[in-house]
Amino acid sequence: GIFGHTTYTNNLWQLAPEIVYTIDYNKNIACYIKAGPNFLLVKSKFENSSMQLALESTGWQSHQVETGAIEKGTISVGIQSSAGVEYKLSKKIHCVFEFISVINQFEYRTDETIENNIDGVNHLADINPREQKITDVTKTNFSQFGFNIGIKYLL
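The present account deals with the structure reproduced in this document. These numbers come from a predicted model, not from an experiment. (Residues numbered from 1 in each chain as written. Predicted model: local features only at pLDDT ≥ 70, side-chain atom pairs only at ≥ 80, totals over all residues. Heavy atoms only, no water.)

## Points about the pairing of strand β4 (residues 59-73)
- Here 14 bridges tie strand β3 (residues 29-56) to β4, and the two strands are oriented antiparallel to one another. By the bridge assignment, A54 is partnered in β4 with Q61.
- Where β3 hands over to β4, the hairpin turn is made up of 2 residues, counted between the paired strands.
- Looking at chain direction, β4 and strand β7 (residues 105-118) are connected through 9 bridges and run antiparallel. When the bridges of β7 are listed, K72 appears paired with T110. (Pairing = 2+ DSSP bridges. Helix = DSSP H or I, 4+ residues; strand = E, 2+ residues; numbered from the N terminus.)

As structure tokens, then:
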């Protein structure tokens, strides 16, 4: 009895100071490894719009329901590391190829309802409290692996 769509978006900030160890292989090639902490802060937004059926005194009635919520937490600390090769095309331009990994899990702490419309009528005031602590805490994995390929310009 539920027909509609759901949107779930994440806004995240990461800060990853790293220590770098470089080995000059020859005049034009350098290999390096980097590692350090990864600080992660996430705010997730959940939006749902659906047609729902409800059993009322007059029988089954359909209602257009739109809901929205924001989940937040505190800063999570993980690790970021990478290994790469840097090729010197000229004195100021280098080509970079690296493998990067980020290991971090985020724990949502609060859930705030920001939208509750039924058939176009705002029922947000009916929800009390609108912000609540998440008691069944589970960690969301924001770990990733990938490759960076780019050009590095030195001033």
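## Focus on the side chain of S76
- Within the fold, S76 resides in strand β5 (residues 76-88).
- For S76, a relative accessible area of 11% translates into the label buried.
- Only 2.5 Å separates the side chain of S76 from the backbone oxygen of Q105, close enough to count as a polar contact.
- Those residues within four positions of S76 in sequence are excluded, and the remaining contacts are N38, F39, L40, N104, Q105 and F106. (Buried < 20%, exposed > 50% of the residue type's maximum accessible area, 1.4 Å probe, protein only. Polar contact = N/O pair within 3.5 Å; in protein donor to acceptor, adjacent residues only side chain to side chain. Contact = heavy atoms within 4.5 Å.)

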